[in-house]
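# Analysis of the macromolecular model
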Amino acid sequence: EPEVTQTPSHQVTQMGQEVILRCVPISNHLYFYWYRQILGQKVEFLVSFYNNEISEKSEIFDDQFSVERPDGSNFTLKIRSTKLEDSAMYFCASSEAVGSDGYTFGSGTRLTVV
Amino acid sequence: EDQVTQSPEALRLQEGESSSLNCSYTVSGLRGLFWYRQDPGKGPEFLFTLYSAGEEKEKERLKATLTKKESFLHITAPKPEDSATYLCAVQAGNTDKLIFGTGTRLQVFP
């Protein structure tokens, strides 16, 4: 069964450092997403991406965050200057279309900012 | 404001003891209601999408139903391997994003 692959599975970084979280969406999917889940809290939407541009973003997704699809397979989330409160599980997801059956999520990257 | 509330927060069942999980929602123009299963340290795993009131979907021991205000996930004769957190999410008609509830943590004991 096709999977969304995320790397690394766990990243520890110092406050103020830049991090890049990587995702390989399912190959025939056209819509890509980042969500995050702070420990013990809800899964929260960050950003959606279609046709090489951001289609929607949440209030959380401020100027410290950016997304990119550098080639035909990877989808990345960059946090420019990490804060303690950025510590969370970050999930990448993809779908064939908006509202399609089953957005497929990856297993996540656990980001710990120290 | 679009909102999703799940209850109960946690549920302990004996193997074979059927029960239901509730997801209440308020959303402007429901495009879809999604159920996911999440195991510890893993991403959400898709179970069902429901699009309109009255719709029902089944998969093995799970059955999801939808009304205009809530959805139920019925678990029939659960097994220990059904232990997980079950997440409900809604998508409004004018947006890409899924809005998640806090989930119901289900534990099934042999």
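Conventions and cut-offs
- Residues numbered from 1 in each chain as written.
- Chains lettered and ligands numbered in written order.
- Predicted model: local features only at pLDDT ≥ 70, side-chain atom pairs only at ≥ 80, totals over all residues.
- Heavy atoms only, no water.
- Helix = DSSP H or I, 4+ residues; strand = E, 2+ residues; numbered from the N terminus.
- Polar contact = N/O pair within 3.5 Å; in protein donor to acceptor, adjacent residues only side chain to side chain.
- Phe/Tyr/Trp six-rings, centres within 6.5 Å; stacked < 30°, edge-to-face > 60°.
- Buried < 20%, exposed > 50% of the residue type's maximum accessible area, 1.4 Å probe, protein only.
- Contact = heavy atoms within 4.5 Å.
- Buried area = accessible area lost by both parts, 1.4 Å probe.
- Salt bridge = Lys/Arg side-chain N within 4 Å of Asp/Glu carboxyl O.
- Nonpolar A, V, L, I, M, F, W, Y, C, P; charged D, E, K, R; others polar.
- Core = buried A, V, L, I, M, F, W, Y, C linked by side-chain atoms within 4.5 Å.
- Disulfide = S-S within 2.5 Å.
- Pairing = 2+ DSSP bridges.
- Axes fitted to C-alpha atoms, helices over the stretch in contact; angles between N-to-C directions.

Turning our attention to the side chain of threonine 104 of chain B. You can see threonine 104 of chain B is positioned in strand E11 (residues 104-109). A distance of 2.6 Å separates a polar side-chain atom of threonine 104 of chain B from the backbone oxygen of proline 8 of chain B.

Let us now look at the packing of aromatic side chains. Counted under the stated rule, the structure contains 15 aromatic pairs over all chains. Aromatic side chains tyrosine 35 of chain A and phenylalanine 105 of chain A sit 5.4 Å apart centroid to centroid with 55° between the ring planes, which places their arrangement in the tilted category. Placement of the pair is tyrosine 35 of chain A in strand E4 (residues 31-37) and phenylalanine 105 of chain A in strand E10 (residues 104-105), with a sequence separation of 70 residues. In terms of burial, tyrosine 35 of chain A and phenylalanine 105 of chain A fall into one category: buried. Chaining the aromatic ring pairs together yields one cluster made of Tyr33, Tyr35, Phe45, Tyr103 and Phe105 of chain A together with Phe34, Tyr36, Phe46 and Phe100 of chain B.

What follows deals with the interface of chain B and chain A. Opposite the 22 residues of chain B that make contact, chain A presents 20 residues. Of the roughly 1700 Å² buried at the junction of chain B and chain A (both faces included), carbon and sulfur atoms supply 54%. When the buried surface of chain B facing chain A is broken down by residue, Pro44, Asp96 and Phe100 of chain B rank first, second and third, together holding 31% of it. The tally of links between chain B and chain A comes to 0 salt bridges. If you look at where chain B meets chain A, you find 8 residue pairs in polar contact (both at pLDDT 80 or more). Its residues assigned to classes, the side of chain B that touches chain A shows 9 nonpolar, 8 polar and 5 charged.

Before going further, it helps to examine the nonpolar core. With 23 residues, the main nonpolar core has Leu33, Trp35, Leu73 and Tyr86 of chain B as its most contacted residues. Those elements that provide at least two residues to this core are strand E2 (10-14), strand E3 (19-26), strand E4 (30-38), strand E5 (45-50), strand E7 (62-66), strand E8 (70-75), strand E9 (84-92) and E11 of chain B. At 4 residues, the largest contribution of residues to this core is made by E9 of chain B. Ignoring anything within four residues of it in the chain, the contact list for leucine 33 of chain B reads Cys23, Tyr25, Phe48, Thr49, Leu50, Leu66, Ser71, Cys88, Ala89 and Val90 of chain B. Judged by nonpolar contacts, the second largest core, of 22 residues, contains Trp34, Phe61, Cys92 and Leu111 of chain A.

Residues and elements named next belong to chain B. This structure, assessed with the given rule, holds 2 disulfides over all chains. Note that cysteine 23 is cross-linked by a disulfide to cysteine 88, the S-S spacing being 2.0 Å. Because the torsion about its S-S bond is -60°, the bridge between cysteine 23 and cysteine 88 counts as left-handed. With cysteine 23 in strand E3 and cysteine 88 in strand E9, the pair connects residues that are 65 residues apart, well separated along the chain. On the basis of relative accessibility, which here comes to 0%, the residue cysteine 88 falls in the buried class.

We now examine the pairing of strand E8 (residues 75-79) of chain A. Residue and element names in this part refer to chain A. With 4 of 5 residues buried, E8 is to be regarded as a mostly interior element. Where strand E3 (residues 19-24) and E8 come together, 5 bridges link them in antiparallel fashion. Directly across from cysteine 23, in E8, lies its bridge partner phenylalanine 75. With 4 bridges joining them, strand E7 (residues 65-68) and E8 adopt antiparallel strand pairing. Pairing of serine 66 across the sheet is with lysine 78, part of E8. From the end of E7 to the start of E8, which pair antiparallel, there are 6 residues.

Looking now at the sheet that holds E8 of chain A. All names here are of chain A. Pairing in this open sheet of 4 strands is antiparallel, and the strands run E1-E3-E8-E7 from one edge to the other. Looking along the sheet, the strands with just one partner apiece sit at the ends: strand E1 (5-7) and E7. Between one strand axis and the next, the sheet turns by 20° as a mean value, whatever way the strands run. As paired strands, E1 and E3 are joined by 3 bridges and run antiparallel to one another. Its bridge partner being in E3, threonine 7 is matched across the sheet by arginine 22.

All names here are of chain B. Here the structure, examined in full by the defined rule, presents 5 salt bridges over all chains. Between aspartate 39 and arginine 37 there is a salt bridge whose closest N-O contact spans 3.1 Å. Residue aspartate 82 pairs with arginine 61 through a salt bridge whose shortest N-O separation is 2.8 Å. With aspartate 82 in the loop between E8 and E9 and arginine 61 in the loop between strand E6 (56-59) and E7, the pair connects residues that are 21 residues apart, well separated along the chain.

Remember, this is a structural readout, not a statement about activity or role.
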